[in-house]
Amino acid sequence: MVATLKAGDILLVELETAPRNRVVVKTVAGAVVGAVTSLRLVDMIECLKEKFAYQAEVLSISGAKVEIEIKPA
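Nothing here was measured: the structure is a model prediction, and the numbers come from that model.

Parameters at a glance
Per chain, residue numbering runs from 1 following the sequence as it is written. Totals for whole chains, interfaces and linings use all residues, but because this is a predicted model, local features are given only for residues with pLDDT of at least 70 and pairs of side-chain atoms are given and counted only at 80 or more. Note that water and hydrogens are dropped before the side-chain values are worked out from all heavy atoms of the structure. Helix and strand labels come from DSSP, where a helix needs a run of H or I of at least four residues and a strand needs a run of E of at least two; each type is numbered from the N terminus. Radius of gyration means the value over C-alpha atoms here, while the globule rule gives 2.2 Å times the residue count to the 0.38 power. Contact between two residues is taken to exist if any of their heavy atoms lie within 4.5 Å; hydrogens are not considered. We score Asp and Glu as negative and Lys and Arg as positive, and we do not count His or the chain ends. The atom standing in for a charge is NZ when the residue is Lys, CZ when it is Arg, CG when it is Asp and CD when it is Glu. Two strands pair under a simple rule: DSSP has to find at least two bridges between them. Using a 1.4 Å probe on the protein chains alone, a residue whose accessible area is under 20% of its type maximum counts as buried, one over 50% counts as exposed, and one in between counts as partly exposed. Regarding the arc, it is the one traced by the directions from the helix axis to the C-beta atoms. Here an angle of 0 to 180 degrees is reported between the N-to-C directions of two axes, which are lines fitted to C-alpha atoms, with helices fitted over the stretch in contact.

Helices and strands together make up the secondary structure of the protein, namely 1 helix and 5 strands. Its C-alpha atoms give the protein a radius of gyration of 12 Å, near enough to 11 Å, the size a compact globule of 73 residues would have. With the C-alpha coordinates of the protein rotated into their principal frame, the extents come out at 30 × 25 × 25 Å. Taking the intrachain contacts of the protein between residues at least 6 apart in sequence as the baseline, contacts between residues at least 24 apart amount to 40%. Taken together, the 9 basic and 9 acidic charged side chains of the protein have centroids lying 4 Å from each other.

Encoded structure:
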């Protein structure tokens with residue numbers, strides 16, 4: 001999926017709970033692009049559990065690493 005992304009693309013931010021809690025970003029079509037890593041990940045998981053909505057904008061792509069900015073939706 002990373003090969004289809006470009007800077008400026010908007011992705012959905014969602015919480016997956018099985019088999020463990022993780023925050024993923026998806027295309028608007030619902031395809032999982034990858035998981036989010038952040039020092040504030042625990043806080044984000046708690047907010048997503050409370051039904052806060054977020055979206056992510058693709059800032060840059062370097063190989064398989066995608067830098068995003070997450071904002072309230």
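So much for the structure itself; the text now carries on.
A few words on the pairing of strand β1 (residues 10-16). Where β1 lies against strand β4 (residues 54-62), 4 bridges are found, and the strand directions are antiparallel. Each bridged residue has a counterpart across the sheet, and for Ile10 the counterpart in β4 is Glu57. Bridging between β1 and strand β2 (residues 22-26) involves 5 bridges; their strand directions are antiparallel. Within β2, the position partnered with Glu16 by the bridge is Arg22.

Below, the discussion takes up helix α1 (residues 41-49). Looking at α1, one finds that the buried residues are Met44, Ile45 and Leu48. Projected down its long axis, α1 carries its buried residues within an arc of 100°, all on one side. Trailing α1 by a residue or two, Lys51 shows a phi angle of about 75°, which is positive.

Taken in spatial order, the 5 strands of this open sheet run β3-β2-β1-β4-β5, and their pairing is antiparallel. Strand pairing shows two members of the sheet lacking a second neighbour, β3 (32-35) and β5 (65-72), which therefore form its edges. Along the sheet, successive strands turn relative to each other by an average axial angle of 35°, direction set aside. α1 contacts β1, β2, β4 and β5 of the sheet and is inclined by roughly 85° relative to β1.

This part is about the pairing of β2. Extensive coverage of β2 is indicated by the burial of 4 of its 5 residues. Hairpin connection, β1 to β2: the antiparallel pair is bridged by 5 residues. Of the strand pairs in this sheet, β2 and β3 are connected by 3 bridges, and their pairing is antiparallel. Its bridge partner lying in β3, Val25 is registered against Gly34. Between β2 and β3, which pair antiparallel one after the other, the connecting turn spans 5 residues, and Gly30 there sits at a positive phi close to 100°.

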